[in-house]
Protein chains: 2
Amino acid sequence: MSSPTEATAARTVDPTTKLAIETIKTLSIDGVQKANSGHPGTPMGLAEIAHSIFAVHMRHDPSDPAWIGRDRFVLSCGHASMLIYSMLHLSGYGLPLEQLQQFRQWDSLTPGHPEVHHTVGVETTTGPLGQGVGNSVGFALAQRMMEARFGEPFAGQHVFCICSDGDLMEGISGEASSIAGHLGLSNLIVMYDDNKITIEGETELAFSEDVGGRYEAYGWFVQRIDGHNLTEIDHAIKKAKLMKDRPSFIVCRTHIANGAPNAHDTAGAHGAPLGDEEIAKVKSLAGWDATKKFFVPEEVRAFWKKRGDELKAEHAAWNDRYQAWRGKNAEQAKNLDAFLSKETPKDLLAQLIKAMPEKDAATRDSSNAIQCAAAKLVPQLVGGSADLAPSTKTLMKGEGNVARGEFAGRNLHFGIREHGMGAVCNALGLFGGLIPYGSTFLIFSDYMRPSIRLSCIMHTQVIWVYTHDSIFVGEDGPTHQPIEQLGSLRLIPGLHVVRPADSMEVAAAWTMAIERKDGPTLFSLTRQKLPNLKRDAGFSIQSLVRGAYVLSDCAGKPDAIIIATGSEVQLAVGAKERLEKSGKKVRVVSAPCLEVFAEQSPEYQESVLPKGVRRVSIEAGRTPPWRSIVGLEGLALGIDHYGASAPDKVLAEKFGFSVDSVTKSIEAWI
Amino acid sequence: MSSPTEATAARTVDPTTKLAIETIKTLSIDGVQKANSGHPGTPMGLAEIAHSIFAVHMRHDPSDPAWIGRDRFVLSCGHASMLIYSMLHLSGYGLPLEQLQQFRQWDSLTPGHPEVHHTVGVETTTGPLGQGVGNSVGFALAQRMMEARFGEPFAGQHVFCICSDGDLMEGISGEASSIAGHLGLSNLIVMYDDNKITIEGETELAFSEDVGGRYEAYGWFVQRIDGHNLTEIDHAIKKAKLMKDRPSFIVCRTHIANGAPNAHDTAGAHGAPLGDEEIAKVKSLAGWDATKKFFVPEEVRAFWKKRGDELKAEHAAWNDRYQAWRGKNAEQAKNLDAFLSKETPKDLLAQLIKAMPEKDAATRDSSNAIQCAAAKLVPQLVGGSADLAPSTKTLMKGEGNVARGEFAGRNLHFGIREHGMGAVCNALGLFGGLIPYGSTFLIFSDYMRPSIRLSCIMHTQVIWVYTHDSIFVGEDGPTHQPIEQLGSLRLIPGLHVVRPADSMEVAAAWTMAIERKDGPTLFSLTRQKLPNLKRDAGFSIQSLVRGAYVLSDCAGKPDAIIIATGSEVQLAVGAKERLEKSGKKVRVVSAPCLEVFAEQSPEYQESVLPKGVRRVSIEAGRTPPWRSIVGLEGLALGIDHYGASAPDKVLAEKFGFSVDSVTKSIEAWI
């Protein structure tokens, strides 16, 4: 906390402040009205809180939104997006008034929900409820982890989050908040917009719990205030900043559409424009000219100009401290640059291949060996599992744990909270500097699918490490055996799904994931042991990272190509051997990542899967998605029903995943 | 509560009880050891609690597991399945000892996680953590709703749930528990196995919140006891049963692998067999013959025989009351039979078609009109939305709300808790008598996917009503626009995904969903208005429920067949008209449900989609799944990237969903 920021708090009662707050409201409702779509009530109810954060308490410099020393702001109730657009416009982030007039229109900088990398000043994409609370926890954790590594540049940062009833009803926010309380993330301040209104009516319809009490149980410092009283807001945030061992949760009693005579406190104000008449009344009641739209009074412009200069000055002071730190810590400063640019070794694949276990291994086991080697080469790598590290084999040996007061470690313990893990990892990836991974069983990717999707939408580098990736989980039975998961994850636009067939492909998987800086990569790994595959002479390791490649070829034009992934590649190899005995010519293609293969040149794709050759696919998952590879005339071997509880070898036999069974199916089809 | 059950509590300190509890432990660890796979520590830690529930407090009759007056037991920590199998065996549910010896083996009645409809006495399939807690809330709610409708037959029932740390870390349990507290479900008693151990080690690694405090905040009655002290267990359950306005949460401090000298209190005892040596020590310490396996002492057999007789007598007494009730309430009794058999009108489709709005309507709107009509015809129908009823249009007009103390209503308010809604609906469907539906935006099906999957695994009749089903959501933007959801939901085995193209198909959708008693049906409905389609003369309404049908044909063999769903069928019709002008012969097939179409006879399928005719698909979602219909040579029109925030008509133009654009694409391809 720097004192100049604090000092401005006194201003919050003067007429200019009143005007500045009214401007937030009028811009927001004008924006929604012009779009004829959106959420006007919430920005009105949150104007005082947002003003207090942006104008008084948050350390930021609108002229340099990428400043690494900045506090972060998350609007978890992303539907109230006009609030953040109004704040970004007013405080000087370079979002023009014309863009506010283009709210929710094609190609505007003001989409329906805030989108990171699209609108400058937006830190994360919000809208799906609860995710923003989880991201805030992740930002606060990232800050602590970066501070533990580098000190000064990350000292004193806070994360401010505004959230709604909806955010707090969603389980994901509970999961993430429990993690935040556990880790004592006192740099996190969540302001709860307790307006008692939801879409269906009053929150009393479905939400009567003691939310503050729940946060106390999570180990947070909880305050309860009038969310329209600037003095109370100011004091509460100051007290929150004084906390040393607990995150802060501030229950702000607010009124939706505060300042609108008829819409005030109504569910109708949630999701529909107020109407011109009501908007005119809002402006008249405040003493404004009711005919003016998107109007920003001169006093408010002047206020933000002055405040912007103060914030710049704070930034300059920070910069002096930062440069002094760089001067005194040259090695650390170099490391920091490498973190922030996510610089990674150029020969990563070759180095990781050296770390492969020699013996046959489950891909979850070879993954651990390779990940531990990667950890030495890529210090940015941090992450953990949803209480399954001993099973998913994702602990980085020799690296410390992250725990309350201990943020220099690299191994995180998320607890049995997949969805919370997802949102936290997304923010670790967005913060800058860290390359996070999150792990659980593949079946439980279903528990965190919205976060996986958001990592794709946001182009965030996150590594999702999923193991126990098929019916070969065995005894745990149908609830734990993925059937449709691989196919359905491959449908999420932007996701790279990598299912390695042996240790060498695992090394490639880690390489691809670490080198993909602009999006997430998902691993699908086995519980059961797999043989190290024999590859054709002349095989180049570079083909491993091209998504699919010829693992084992035949002389001349093949009668059939068998395409397989992961644990089923060995079946393809076995079937090829058998089929060749009866004179068939067969090529085996291993396809660890169909999405990366689709990005290769048409020539490369044709060289691997030439048109006009009949195709067979083998994967222990649903078969319809494979029709996009093998066509209607091809043969897609897989499993289209739920599994069963039995040892994996029994299931392989019963469900047709033996060399014998696969060979017979191919012979019958050929 | 009937006094005979209570009276037996005093027995819990005698030597036979001690022996009975030891038998639970030895059967459980022997089962895991023989399987060489499973979770021995948790059944050992829960033996006293399970004994107290099954032998003392639960109203059940093992000789009639389907007794409608029974209490229900849910083992939310399904991995501790040997506990329930031991209890079912001992208490006389007809699960033979040989089946305990076949734990986790192919085709046994004792799979890795408990499966409803597979093992008699198992009320719901558990294993994916948190779901069982949610199901318990649903059972308790169902009981209250059935009691409000029928009285006596459902009076005095309780739901007992045992859950673990993992269950309570998962957000879904928090969501459901908040609903339970809100509704004051005092018939629900959750026993929390607070053993301080998780897979990664001690819960302190990631779980330091005050769980009891959190449940108090949810509005529950919370007690804290020694989970190995039978007197404390007994008193706590008695006190819980006395509660009239709050569900009960009993924090039971337990020790994992209690009674095992070395495994006691260790994470190792969670997920791996104890080993023969340790098992021998457990038995020796208890004074048992260490060489005997799967041994049930005669005294324990005698105890359960006697207890079984007492429970039968209680059931007989209940039966007398029940028959007296039937005698006095003939009409009600007839209704009850219709509820329990899920009897629905034979001419449902014809009746629902009459309820169609005449004007063009969004399918969410026609769905509401038809649902309200269905509600009159199908009194079993109950449900609600995750705080989106005004948007998803799922309120049944004229029907009351369900609220605290008011359970005769039919409209539920789940709050913004999709996943909790999913687990609650699954249990409403399992309870017997009710046909539940749960609603939200299609995009948020991702938040509840594990519950959707479980409704399929369990063959439970639930109707998932999802609206705002494409980019035509419009202004809300990419976070709210489904792209991959339709394709990925269709991959869940057993799910029927119905995407109606107009009001008439909506009537068919409701008919299919209501008539499908053995599995879930999912609706994908539009936000935007759709035209009522013109169908060929001679069209039979029965074809509407066959999954796909010829909507508009051409004379002679078509040059192409356009297959479309939902809002894109109108584009197919428009393109057909254009193409016919240039002399092409085109058939349009509307395919509201691909899964039901796949179940039709090969002849019917051939009559709709004859082989050898080139195919085009149109759906505002990912295209690769459509390759299983149109093949590699067909044309799949859709969208393979995220949407954008803009009015829906703009998006239609930009993303190629206009008749013009579709026609051009088909012309180029033909």
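Shown above is the structure to which this text applies.
Every value quoted in this text rests on a predicted model; they were computed, and no experiment measured them.

**Observations concerning the state of the cysteines**
One covalent bond between the sulfur atoms of two cysteine residues makes up a disulfide.
Okay, step 1: Applying the stated criterion across every chain, the model contains zero disulfides over all chains.
Okay, step 2: Here cysteine 593 of chain B is not disulfide-linked; the sulfur of cysteine 456 of chain B is the nearest cysteine sulfur, at 12 Å.

**With respect to empty space enclosed by the protein**
Okay, step 1: A complete count under the given rule lists 16 cavities of 30 Å³ or more for this structure.
Okay, step 2: The space that makes up the largest cavity amounts to roughly 140 Å³.
Okay, step 3: Surrounding the largest cavity, 24 residues form its lining, Gly174, Arg214 and Tyr218 of chain A together with Gly174 and Tyr218 of chain B being those nearest its centre.
Okay, step 4: Mapped by element, the contributors of at least two residues to the lining of the largest cavity are α7 (165–169) and α8 (171–183) of chain A together with α7 (165–169) and α8 (171–183) of chain B.
Okay, step 5: Among the residues making up the lining of the largest cavity, the classes are represented as eight nonpolar, six polar and ten charged.
Okay, step 6: Here the second largest cavity is characterised by a volume of approximately 100 Å³.
Okay, step 7: Of the residues in the lining of the second largest cavity, the class split is five nonpolar, two polar and six charged.

**Overview of the environment of glutamine 332 of chain B**
Residues and elements named next belong to chain B.
Okay, step 1: Within the secondary structure, glutamine 332 is located in helix α14 (residues 330–340).
Okay, step 2: Along the chain, glutamine 332 and phenylalanine 150 lie 182 residues apart, while their C-alpha atoms are 6.8 Å from each other.
Okay, step 3: Within polar-contact distance, the side chain of glutamine 332 engages the backbone oxygen of arginine 149 at 2.7 Å.

**Quick notes on the packing of aromatic side chains**
Okay, step 1: Scanning the model with the defined rule gives 48 aromatic pairs over all chains in all.
Okay, step 2: Ring centres of tyrosine 437 of chain B and tryptophan 510 of chain B lie 6.4 Å apart, and the angle between their planes is 80 degrees; this geometry places the pair in the edge-to-face category. Here tyrosine 437 of chain B, found in strand β11 (residues 435–441), pairs with tryptophan 510 of chain B, found in helix α21 (residues 503–515); they are 73 residues apart in sequence, far enough to count as distant.
Okay, step 3: Accessibility expressed as a relative area gives 0% for tyrosine 437 of chain B, which makes it buried.
Okay, step 4: Of the aromatic side chains, those joined through ring pairs into one cluster are Phe139, Phe150, Phe154, Phe339 and Phe431 of chain A.
Okay, step 5: Sitting over the ring of tryptophan 669 of chain B, arginine 614 of chain B keeps its end group 4.2 Å from the ring centre.

**Thoughts on the interface of chain B and chain A**
Okay, step 1: Each partner contributes residues to the interface: chain B has 98 residues there, and chain A has 98 residues.
Okay, step 2: A combined buried area of about 7900 Å² lies between chain B and chain A, and 59% of that area is made up of carbon and sulfur atoms.
Okay, step 3: Between the two partners, chain B and chain A, sit six salt bridges.
Okay, step 4: Across the salt bridge formed by aspartate 446 of chain A and arginine 449 of chain B, the nearest N and O atoms sit 3.5 Å from each other.
Okay, step 5: Taken together, chain B and chain A are joined by 54 residue pairs in polar contact (both at pLDDT 80 or more).
Okay, step 6: With six residues, helix α19 (residues 449–457) of chain B is the single largest residue contributor to the side of chain B that touches chain A.

**Thoughts on the pairing of strand β11 (residues 435–441) of chain A**
Residue and element names in this part refer to chain A.
Okay, step 1: With respect to burial, β11 is a largely interior element, seven of its seven residues being buried.
Okay, step 2: Pairing between strand β9 (residues 381–385) and β11: five bridges, direction parallel. When the sheet's bridge partners are listed, glycine 383 is paired in β11 with tyrosine 437.
Okay, step 3: Note: β11 against strand β12 (residues 463–467), five bridges, orientation parallel. Within β12, the residue paired with glycine 438 across the bridge is tryptophan 464.
Okay, step 4: Viewed along the sheet, the connection from β11 through helix α19 (residues 449–457) into β12 turns out right-handed.

**Points about the relation of the copies chain B and chain A**
Mapping one chain copy onto the other needs a rotation about an axis and a shift along that axis.
Okay, step 1: Between chain B and chain A, which share one sequence, the superposing operator has a rotation angle of 180 degrees and an axial displacement of 0.0 Å; the RMSD is 0.0 Å. A rotation of that kind, with that shift, is consistent with a two-fold axis. Minimal C-alpha distance to the rotation axis in chain B is attained by glycine 171 of chain B, lying at 1.8 Å.
Okay, step 2: By residue overlap, the copies meet face to face through one surface: 100% of the interface positions of chain B are interface positions in chain A.

**A closer look at the pairing of β12 of chain A**
All names here are of chain A.
Okay, step 1: Among the five residues of β12, five are classified as buried, and the element is accordingly described as predominantly covered.
Okay, step 2: Both faces of β12 are covered, namely the face carrying Ile463, Val465 and Thr467 and the face carrying Trp464 and Tyr466.
Okay, step 3: Here four bridges tie β12 to strand β14 (residues 521–524), and the two strands are oriented parallel to one another. Its bridge partner being in β14, isoleucine 463 is matched across the sheet by threonine 521.

**A look at the side chain of histidine 79 of chain B**
Okay, step 1: For histidine 79 of chain B, the location among the structural elements is in the loop between β1 (72–75) and α4 (81–91).
Okay, step 2: Given the relative accessible area of 10%, histidine 79 of chain B is considered buried.

**Some remarks on the sheet that holds strand β9 (residues 381–385) of chain B**
Within a beta sheet, neighbouring strands are joined by backbone hydrogen bonds and run either parallel or antiparallel to one another.
Residues and elements named next belong to chain B.
Okay, step 1: Read across the sheet, six strands follow the order β10-β9-β11-β12-β14-β13 without closing on themselves; strand pairing throughout is parallel. Taken across any chain shown, the strands that pair with only one partner, and hence form the sheet edges, are β10 (411–413) and β13 (496–498). Strand-to-strand twist of the sheet, defined as the mean angle between neighbouring strand axes without regard to direction, takes the value 20 degrees.

**Topic: the packing of helix α3 (residues 41–57) of chain A against helix α4 (residues 81–91) of chain A**
Residues and elements named next belong to chain A.
Okay, step 1: Closest axis-to-axis distance for the α3/α4 pair is 10 Å, and the angle between their directions is 40 degrees. Our classification of the angle between α3 and α4 gives oblique. Pair α3 / α4 crosses with right-handed handedness. Residues Pro43, Leu46, Ala47, Ala50, His51 and Phe54 of α3 form the contact with α4, whose own contacting residues are Met82, Leu83, Met87, Leu88 and Ser91.

**Quick look at the pattern of salt bridges**
It is possible for side chains of opposite charge to pair when their charged atoms get near one another.
Residues and elements named next belong to chain A.
Okay, step 1: Under the counting rule described, the total for this entry stands at 68 salt bridges over all chains.
Okay, step 2: The salt bridge involving aspartate 502 is made with arginine 535; its shortest N-O contact spans 2.9 Å. Of this pair, aspartate 502 sits in the loop between β13 (496–498) and α21 (503–515) while arginine 535 sits in the loop between β15 (529–530) and β16 (549–552), and the two are 33 residues apart along the sequence.
Okay, step 3: For arginine 535, a relative accessible area of 15% puts it in the buried group.
Okay, step 4: A salt bridge links glutamate 505 to arginine 535; the shortest N-O distance between them is 3.8 Å. One end of the pair, glutamate 505, is in helix α21; the other, arginine 535, is in the loop between β15 and β16, and 30 residues separate them in sequence.

Conventions and cut-offs
- Residues numbered from 1 in each chain as written.
- Chains lettered and ligands numbered in written order.
- Predicted model: local features only at pLDDT ≥ 70, side-chain atom pairs only at ≥ 80, totals over all residues.
- Heavy atoms only, no water.
- Disulfide = S-S within 2.5 Å.
- 1 Å grid on protein atoms, 1.4 Å probe; cavity = no way out; pocket = protein on both sides within 12 Å on 5 of 7 lines; lining within 4 Å.
- Points joined across faces, edges and corners; volume = space filled by probe spheres on them.
- Helix = DSSP H or I, 4+ residues; strand = E, 2+ residues; numbered from the N terminus.
- Nonpolar A, V, L, I, M, F, W, Y, C, P; charged D, E, K, R; others polar.
- Polar contact = N/O pair within 3.5 Å; in protein donor to acceptor, adjacent residues only side chain to side chain.
- Phe/Tyr/Trp six-rings, centres within 6.5 Å; stacked < 30°, edge-to-face > 60°.
- Buried < 20%, exposed > 50% of the residue type's maximum accessible area, 1.4 Å probe, protein only.
- Lys NZ or Arg CZ within 6 Å of the ring centre and 35° of its normal.
- Contact = heavy atoms within 4.5 Å.
- Buried area = accessible area lost by both parts, 1.4 Å probe.
- Salt bridge = Lys/Arg side-chain N within 4 Å of Asp/Glu carboxyl O.
- Pairing = 2+ DSSP bridges.
- Right-handed = clockwise from strand over helix to strand, strands pointing away.
- Least-squares fit on C-alpha atoms with pLDDT ≥ 70 in both.
- Axes fitted to C-alpha atoms, helices over the stretch in contact; angles between N-to-C directions.
- Parallel < 35°, antiparallel > 145°, perpendicular 65-115°, else oblique.
- Left-handed = near helix turned anticlockwise from the far one by under 90°.

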